[in-house]
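Okay, here's what each chain looks like letter by letter:
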Amino acid sequence: MDQIKTYQKKDSFLKFKNKKKFENNNISIKISKILNDKKLINSFNQNEQSIIRRLESDFLKNLLKKNSTQFKLRENTIAEINSLDGDLQIINYLIHRYRYEIFPITKEIDKFPPLIQIEPSSICNFRCVFCFETDETFTNKKSGHMGTMKLELFKEIIDEIEGKVQFVTLASRGEPLVSKEINKMINYTSGKFLNLKINTNASLLNEEKAHTILSSNVKTLVFSADAADATLYKKLRVNGDLEKTVSNIKMFVDIKNKHYPANKIITRVSGVKFSNEQNFESMMKLWGDLVDQVAFVDYNPWENSYEKKQNNISTPCSDLWRRMFIWWDGKANPCDVDYKSHLCVGNKKGNSVQELWNSKEYNKLRQIHLQSKRAELSPCNACTVI
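Okay, so let's go over this structure. Not measured: the values here are computed from a predicted model. (Residues numbered from 1 in each chain as written. Predicted model: local features only at pLDDT ≥ 70, side-chain atom pairs only at ≥ 80, totals over all residues. Heavy atoms only, no water.)

The subject of this paragraph is the overall build of the chain. A count of helical and extended segments in the chain gives 15 helices and 12 strands. Taking 21 Å as the expected radius of gyration for a compact globule of 386 residues, we find that the chain reaches 20 Å, a close match to that expectation. Principal-axis analysis of the C-alpha atoms places the extent of the chain at approximately 55 × 55 × 45 Å. Put simply, the chain has 386 residues, and 58% of those count as buried. Sequence separation of 24 or more characterises 76% of the internal contacts of the chain that already satisfy a separation of 6 or more. Accessible area for the chain stands at about 17500 Å²; split by element, carbon and sulfur atoms hold 47% of it. Here the chain holds 60 positive side-chain charges and 46 negative ones, and the gap between their average locations is 3 Å. (Helix = DSSP H or I, 4+ residues; strand = E, 2+ residues; numbered from the N terminus. Rg over C-alpha atoms; globule rule 2.2 N^0.38 Å. Buried < 20%, exposed > 50% of the residue type's maximum accessible area, 1.4 Å probe, protein only. Contact = heavy atoms within 4.5 Å. Areas by Shrake-Rupley, 256 points an atom, 1.4 Å probe, with all protein chains shown as cover. Lys, Arg positive; Asp, Glu negative; His and termini not counted. Charge placed at Lys NZ, Arg CZ, Asp CG, Glu CD.)

Here we take up empty space enclosed by the protein. As enumerated under the stated definition, the model contains three cavities of 30 Å³ or more in all. Empty space within the second largest cavity amounts to approximately 120 Å³. Lining the second largest cavity are 13 residues, with Cys317, Cys335, His369, Cys380 and Cys383 sitting closest to its centre. Taken together, the residues of the lining of the second largest cavity break down into 10 nonpolar, one polar and two charged. (1 Å grid on protein atoms, 1.4 Å probe; cavity = no way out; pocket = protein on both sides within 12 Å on 5 of 7 lines; lining within 4 Å. Points joined across faces, edges and corners; volume = space filled by probe spheres on them. Nonpolar A, V, L, I, M, F, W, Y, C, P; charged D, E, K, R; others polar.)

This paragraph deals with the sheet that holds strand 8 (residues 266-273). The strands making up a sheet are joined through hydrogen bonds of the backbone, oriented either antiparallel or parallel. Within the open sheet, the 10 strands sit side by side as 1-9-8-6-5-4-2-10-11-12. Their pairing is mixed. Edge positions in the sheet fall to strand 1 (13-18) and strand 12 (346-347), since each of these pairs with one other strand and no more. For strand 6 (residues 218-224) and strand 8, the ladder comprises five bridges, and the chain directions are parallel. The residue bridging Thr220 from the neighbouring strand is Ile266, located in strand 8. (Pairing = 2+ DSSP bridges.)

As a further point, take the packing of helix 8 (residues 182-189) against helix 9 (residues 207-215). For the pair helix 8 and helix 9, the least separation of the axes is 9 Å and the interaxial angle reads 10°. If you check the angle between helix 8 and helix 9, you find them roughly parallel. Only Glu208, Lys209, Thr212 and Ile213 of helix 9 make contact with helix 8, whose side of the interface consists of Ile182, Asn183, Ile186 and Asn187. Taken together, the residues that form the contact of helix 8 with helix 9 break down as three nonpolar, three polar and two charged. (Axes fitted to C-alpha atoms, helices over the stretch in contact; angles between N-to-C directions. Parallel < 35°, antiparallel > 145°, perpendicular 65-115°, else oblique.)

Turning our eyes to something else, we now look at unusual backbone geometry. Ser378 connects to Pro379 through a cis peptide bond whose omega is 15°. With respect to the secondary-structure elements, Pro379 resides in the segment after helix 15 (360-370). One non-glycine residue, Ala202, adopts positive backbone phi at about 75°. Here Ala202 is to be found in the loop between strand 5 (195-200) and helix 9. Positive phi is not limited to glycine here, since Ser372 has a value of about 60°. Its location among the elements puts Ser372 in the segment after helix 15.

How two aromatic rings sit relative to each other is given by the distance of their centres and the angle of their planes. According to the stated counting rule, one finds 13 aromatic pairs in the structure shown. Taken together, a centroid distance of 4.6 Å and an interplanar angle of 40° make the contact between Phe13 and Phe16 tilted. With 5.5 Å between their ring centres and 35° between their planes, Tyr93 and Phe167 make a pair best called tilted. Residue Tyr93 is located in helix 5 (residues 86-106), and its partner Phe167 is located in strand 4 (residues 167-170); the two are separated by 74 residues in the primary sequence. Of the two residues examined, Tyr93 and Phe167, each falls in the buried class. An aromatic cluster of at least three residues, connected via ring pairs, comprises Phe132, Phe138, Tyr306 and Tyr339. Of note, Arg173 hangs over the ring of Trp327, and the distance from its end group to the ring centre comes to 3.6 Å. (Phe/Tyr/Trp six-rings, centres within 6.5 Å; stacked < 30°, edge-to-face > 60°. Lys NZ or Arg CZ within 6 Å of the ring centre and 35° of its normal.)

With that settled, consider the side chain of Glu119. Residue placement: Glu119 occurs in the loop between strand 2 (115-118) and strand 3 (127-128). The exposure class assigned to Glu119 is buried, which follows from its relative accessible area of 0%. Separated by 2.8 Å, the side chains of Glu119 and Arg173 make a polar contact. With residues near it in sequence (within four places) discarded, Glu119 still touches Met149, Ser172, Arg173, Gly174, Ile326, Trp327 and Trp328. (Polar contact = N/O pair within 3.5 Å; in protein donor to acceptor, adjacent residues only side chain to side chain.)

Residues spaced three or four apart along an α-helix face the same direction, because each turn holds 3.6 residues. Inspection of helix 8 places Ile182, Asn183, Met185, Ile186 and Thr189 among the buried residues, and these make up the whole buried set. Down the axis, helix 8 shows its buried residues gathered within 160° of arc, on one side only. Contacts made by the buried residues of helix 8 are with helix 7 (151-161), strand 4, strand 5, helix 9 and strand 6. Phi for Gly191, located one or two positions after helix 8, is positive at around 80°. (Arc of directions from axis to C-beta.)

What follows deals with the pairing of strand 10 (residues 323-326). The side chains of a regular strand alternate between both faces of the sheet. Side chains of strand 10 alternate between two faces, with Arg323 and Phe325 and Met324 and Ile326 buried alike. Sheet topology places strand 2 next to strand 10; four bridges connect them, and they run parallel. Looking at strand 10, one finds that Leu115 is bridged to Arg323. Pairing of strand 10 with strand 11 (residues 331-333), which is carried by two bridges, proceeds in the antiparallel orientation. By the bridge assignment, Phe325 is partnered in strand 11 with Asn333. Where strand 10 hands over to strand 11, the hairpin turn is made up of four residues, of which Gly330 adopts a positive phi near 95°.

Right, dumping it as structure tokens:
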């Protein structure tokens, strides 16, 4: 394989630290007992039971320290499991976590994607140096790429995937809190998903939005921040203000502690490792007492997807089997590296999520990647995601 550094989304943390420590062995034993609950297992359909049997085989091998598939209990996964209520939620979560991690390896397609990423807004108030929002041909109002999702379309998506998809992220190319409908959107998801995540730069977070998030069933709230130094932060997150970001996150934590002490939401500060000026230890020092997790993710040159030099990577992209993006205007896209929708597989308006995920257009992309021909596709031919 060539020497280009690849970016794997299934385990994308370059550095990761949990405030809370969990015993891996204890969790594994607990899960093994749940997997042996025949009455509980029989409550699932045949397809789900098949995945459970594969899970059981993996966990047995892990407990015996034998080789298994690449399904592992990572720190973020263990934290999510510990935030769940009861055996039914845990086994249901594991089924969908297995689909998310293993199906991209085995190249399996189910009726619905393991994860759906919904874009409330493609508009962002920041211009981070490593982001496609710096591309003026993308952000120009005349380009047609800028907008916010209508609540009616959002509800239509949620209604279709409820009970079928458990991993949902509200975020994509823009800042989700830009949407004037974001509170109504979050409220509409309440109680419908086991693993709902929101990514935000926290600059537009206020008390009303904090209460909305904390009174719903948001599982993970990710605050995007890449530095602990105000000057470096502003250099990386252009238009951003570290003091304001810290203040807003402190406000969120105060509201949680005062009004929602039993809420099990996981908070994370996640930064893009872009330059040698960034320091994980200083990130931990600033954010460690405010949030549950601090992480750096690998940098992938999102900011110039269509201008990068073509590489020799032929490994199929895991995202084609892992997630589907639905953008503010209903366009369904296989990834956000292709932020101008060159690879768009259709539109949610007039099509179901299931139809789009299993469409000829989507399967054609998968086949091209499986045939080691991603060089024929742009921006796949210059992308480092595998």
